[in-house]
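What the coordinates show
The residues making up each chain are set out below.
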Amino acid sequence: MTPHMLTRSLDRGATIFLLVVAALGVLIPLFNLLLPAGSFLQVPTYLVALWGKYVCYAILALSIDLIWGYCGILSLGHGAFFALGGYAMGMYLMRQIGTRGVYGNPILPDFMVFLNWQKLPWYWYGFDMFWFAALMVLFVPGLLAFCFGWLAFRSRVTGVYLSIITQAMTYALLLAFFRNDFGFGGNNGLTDFKDILGFNVQAEGTRAALFALSCLALIIGFLICRAIVSSKLGKVLIAVRDAESRTRFLGYRVESYKLFVFTVSACMAGVAGALYVPQVGIINPSEFAPGNSIEAVIWVAVGGRGTLVGAALGAVVVNYAKTFFTSGMLAPYWLFMLGALFILVTLLLPKGIVGTFNAWWDQSKEKRTAASAASAAAEDGVTEPKMAE
C-alpha cells in the first residue's frame, strides 16, 4: 500500500472524515486530562470510555460495509469475530491480574480456581505476553473467517443462505462459550481487569490513551478499506456484488476475491473487539448473540451501505440513540424503535444517510454544471438551433 495509492483513494468527504476523527482522537483526551473538573470543555472520563466504545463499533461497521457494501456478502455473524478479538485481549488482561485476584493464584484466573481447575489449559499459554495476544487478535478471527469462507464460497453459497449459516456460526459459538468447562469463564465471561501493559485500566490516562488508539485504529482501518475499494481489486469486488455469474464467466476466481475480503474484514472486527474490551471492562458470551450482529448490519444500512463513511457514522448515531433512549422511560421499547428505524430507512432512505446525501449532492452539482454551461453559451451568443416548421 503506497502513499500514492492512499492519496488517490481519498476524496473530499473521506479527507474530512479522517480529519474529524484525528481531531477528536487528540482533543478529547486533552480536554479530559488537562482541563480542570467542572470546566465547560472538560470531558468526563466516563464519556471518554463511552465514545471509545462508539469508535470500536465504527470499526466493526467498517468491516461489515467492506464485505456487504462492496462485495455483496451479507454476514449476520460478524459479531463472532468481534467477540473473538475481545476474548483474546481479555485473556491477556486476565493473565495480568496474577496474585491480585480474589484467590491470589499467580497463574490461574479466579474462575478457574473457583471451578477447581488444576492447571492452565494449553490454549491459555502465551497470553501473558502482549505481543502474543495482539497476534491472536488478528489470527483467531482471521483463521475462522478463512476456514468458514473457504468452505462456503467454494460451495457457492450466496445470498440469504450465506447469511443464515453465518448466523448459525455465531450462535454455535455463543452456546460453546456459555459452557463452564470450555475455559473462558462461562456465562460470566472475563472481567475484573487490572492492568494493560503495566498501566491501570481504570486510570484516566489509560482511558484517554485507549480512546486515542481506537481513533487511530479507525483511521488505519478506513485507509485500508479505501485502498481496497479504490483499486482494481475493488472494481472486481463491485463486479462480484452486481453480477457474480458474469464475473465468473469472464475468468475471475470469484471465490478467491470473496475469501480475501472476508478474511480482512474479520481481522478488522477482531481489532475492534480487542480495543472494546479494556474500555468496557468485560467480555462475555452475550457478545456472540446473533442480535448484536444484526444490529451492526442496521448501523451500516442507516449510515449508507457502500460508502464507508456512512457505516462509521451510522454506528455512532444508532449507538448514541441507544444510549439516550435506554436510560429513560423508553428503555423497554428500544428494540421496537430500532426496528422501526430500519424499516423507515429502507423505505425512505434506501441508500442510507450518507448515500442519500451523496446522491443529492451529485444531482445538484450536475444541475449547477449544466446551468454554468448554458450561461457561458448564452454569453458567447451560441444558441441551440430551432427545428424548421
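Residues numbered from 1 in each chain as written. Predicted model: local features only at pLDDT ≥ 70, side-chain atom pairs only at ≥ 80, totals over all residues. Heavy atoms only, no water.

As annotated in an unreviewed UniProt entry, the protein carries the name Amino acid/amide ABC transporter membrane protein 2 (HAAT family) and comes from Bradyrhizobium huanghuaihaiense.

1. Concerning the overall build of the protein
The helix and strand tally for the protein stands at 15 helices and 4 strands. If you line up the protein on its principal axes, its C-alpha atoms span 100 × 60 × 45 Å. Burial status across the protein gives 47% buried among its 389 residues. On the protein, roughly 20,200 Å² of surface is accessible, and the fraction owed to carbon and sulfur atoms is 68%. Here the protein carries 26 positive and 19 negative side-chain charges, and the mean point of each set is 6 Å from the other. (Helix = DSSP H or I, 4+ residues; strand = E, 2+ residues; numbered from the N terminus. Buried < 20%, exposed > 50% of the residue type's maximum accessible area, 1.4 Å probe, protein only. Areas by Shrake-Rupley, 256 points an atom, 1.4 Å probe, with all protein chains shown as cover. Lys, Arg positive; Asp, Glu negative; His and termini not counted. Charge placed at Lys NZ, Arg CZ, Asp CG, Glu CD.)

2. Re the packing of aromatic side chains
The tally for this structure, following the rule as stated, stands at 26 aromatic pairs. Pairing Tyr57 with Phe82 gives two aromatic rings, centres 6.2 Å apart and planes at 35 degrees, and the pair type is tilted. On the criterion of sequence distance, the pair formed by Tyr57 in helix 3 (residues 45-71) and Phe82 in helix 4 (residues 78-95) is long-range, its members being 25 residues apart. According to the relative accessible area criterion, Tyr57 is buried, its value standing at 12%. Taking relative accessible area as the criterion, Phe82 reaches 3% and is therefore assigned buried. Between Phe177 and Phe288, the aromatic rings sit 4.7 Å apart at their centres with planes inclined by 35 degrees, giving tilted as the arrangement. With Phe177 in helix 7 (residues 159-177) and Phe288 in the loop between strand 4 (282-283) and helix 12 (290-303), this pair connects stretches of sequence that are 111 residues apart. Assigned by exposure class, Phe177 and Phe288 land together as buried. Through a chain of ring-to-ring contacts, the aromatic side chains of Tyr87, Phe111, Trp122, Tyr123, Trp124, Phe177, Phe182, Phe184 and Phe288 assemble into a single cluster. (Phe/Tyr/Trp six-rings, centres within 6.5 Å; stacked < 30°, edge-to-face > 60°.)

3. Examining the pattern of salt bridges
All chains considered together, the criterion is met by 10 salt bridges. Of the charged contacts, one joins Arg179 and Asp181 as a salt bridge, the two residues approaching to 2.8 Å between their closest N and O atoms. Between Glu295 and Lys322 there is a salt bridge; the shortest N-O distance is 3.5 Å. Taken together, the residues span a long stretch of sequence, with Glu295 in helix 12 and Lys322 in helix 13 (residues 309-325) at a distance of 27 residues. Under the relative-accessibility criterion, Glu295 is labelled buried at 9%. One salt-bridge network, in which partners are shared between bridges, spans Arg156, Glu244, Arg248, Glu255 and Lys258. (Salt bridge = Lys/Arg side-chain N within 4 Å of Asp/Glu carboxyl O.)

4. Let's talk about helix 14 (residues 334-348)
Relative to the 21 Å expected for 15 residues at 1.5 Å per residue, helix 14 spans 21 Å between its end C-alpha atoms, a close match to the ideal helical length. Buried within helix 14 are the following residues: Trp334, Leu338 and Val345. One side of helix 14 carries all its buried residues, which in axial view fall inside an arc of 45 degrees. Among the exposed residues of helix 14, those pointing more than 90 degrees away from its buried face are Phe336, Leu347 and Leu348. Tucked inside the fold, the buried residues of helix 14 contact helix 12, helix 13 and helix 15 (352-379). (Expected span 1.5 Å × (residues − 1). Arc of directions from axis to C-beta. Contact = heavy atoms within 4.5 Å.)

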